[in-house]
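The chain contents come next:
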Amino acid sequence: MSLRSLSCDVGFADAEFDQYVKVHSQLKVIIVAWNHMKIELVFQDVIQLLHQGIGDIADVCVETTQTDLLASALNNMYESVPTTHPYQEYVFINNEDSCSLSIIAASVVVKVIA
């Protein structure tokens, strides 16, 4: 994996999952930061979701290389995968440096909501 951290004013370290809700192709993930502020991540055009055990969060990143999960999602999405597409893999990393939640989506918006 080659990961780049997403930008957030509060920071993701020591955060915990609060809830996530998928409606059609949008996924909203709300986490509670170390200082009890809530952070909302809204993923658009989600084509795959892999839940691998929700726990504490150390970081939220975007994968900068094509993984097997992204390749699989693209193969399911397209009859013939184009050379350019909007999809990226977003990864929630837990305190053991493992992936807790992977999302293949076209984009994400991160904002502090409380």
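Only a predicted model underlies this, so the values are computations on that prediction, with no experimental measurement involved.

A. Region of the structure containing the nonpolar core. Of all hydrophobic cores here, the largest spans 22 residues; its most connected members are Phe-12, Val-29, Ile-31, Leu-41, Phe-43, Phe-92 and Ile-103. Among the elements of the structure, strand S2 (15–23), strand S3 (26–32), strand S4 (38–44), strand S7 (59–63), strand S8 (88–93) and strand S9 (99–105) are those that each provide at least two residues to this core. If near-sequence neighbours (up to four positions away) are discounted, Ile-31 is found in contact with Phe-12, Ala-15, Glu-16, Phe-17, Asp-18, Met-37, Lys-38, Ile-39, Leu-41, Ile-57 and Phe-92.

B. Focus on the pattern of salt bridges. Scanning the entire structure with this criterion turns up three salt bridges. Where Glu-40 meets Lys-111, a salt bridge forms, and the shortest distance between an N and an O atom there is 3.7 Å. Taken together, the positions of Glu-40 in strand S4 and Lys-111 in strand S10 (residues 107–112) put the pair 71 residues apart, joining distant regions of the chain. Among the residues examined, Glu-40 registers a relative accessible area of 10% and is labelled buried. A cluster of three or more residues bridged by salt bridges with shared partners is formed by Lys-28, Glu-40 and Lys-111.

C. Focus on the confidence of the model for the chain. Taken residue by residue, the chain gives an average pLDDT of 93. The fraction at 70 or more is 99%. Model confidence for the chain, summarised as mean pLDDT per element, is weakest for strand S6 (residues 56–57) at 91 and strongest for S4 at 97.

D. Looking closely at the side chain of Glu-63. Tracing the backbone shows Glu-63 in strand S7. Among buried charged residues, Glu-63 stands out as having no salt bridge; its nearest opposite-charge side chain is Arg-4, 9.9 Å away. A distance of 2.8 Å separates the side chain of Glu-63 from the backbone nitrogen of Ser-2, its partner in a polar contact.

E. Summary view of the pairing of S9. For S9, the buried fraction is high: seven of the seven residues fall into the buried class. Pairing analysis gives six bridges linking S8 to S9, with the strands arranged antiparallel. Each residue of the ladder has a partner; that of Glu-89, found in S9, is Ile-104. Counted between consecutive antiparallel strands, the loop separating S8 from S9 contains five residues, among which Asp-97 sits at a positive phi close to 60°.

F. Unusual backbone geometry, seen in detail. Located in the positive-phi region is Asp-45, a residue other than glycine, with phi close to 55°. The topology assignment puts Asp-45 in the loop between S4 and strand S5 (48–51).

What counts and what doesn't
Residues numbered from 1 in each chain as written. Predicted model: local features only at pLDDT ≥ 70, side-chain atom pairs only at ≥ 80, totals over all residues. Heavy atoms only, no water. Core = buried A, V, L, I, M, F, W, Y, C linked by side-chain atoms within 4.5 Å. Buried < 20%, exposed > 50% of the residue type's maximum accessible area, 1.4 Å probe, protein only. Helix = DSSP H or I, 4+ residues; strand = E, 2+ residues; numbered from the N terminus. Contact = heavy atoms within 4.5 Å. Salt bridge = Lys/Arg side-chain N within 4 Å of Asp/Glu carboxyl O. pLDDT = per-residue confidence, 0-100. Lys, Arg positive; Asp, Glu negative; His and termini not counted. Polar contact = N/O pair within 3.5 Å; in protein donor to acceptor, adjacent residues only side chain to side chain. Pairing = 2+ DSSP bridges.

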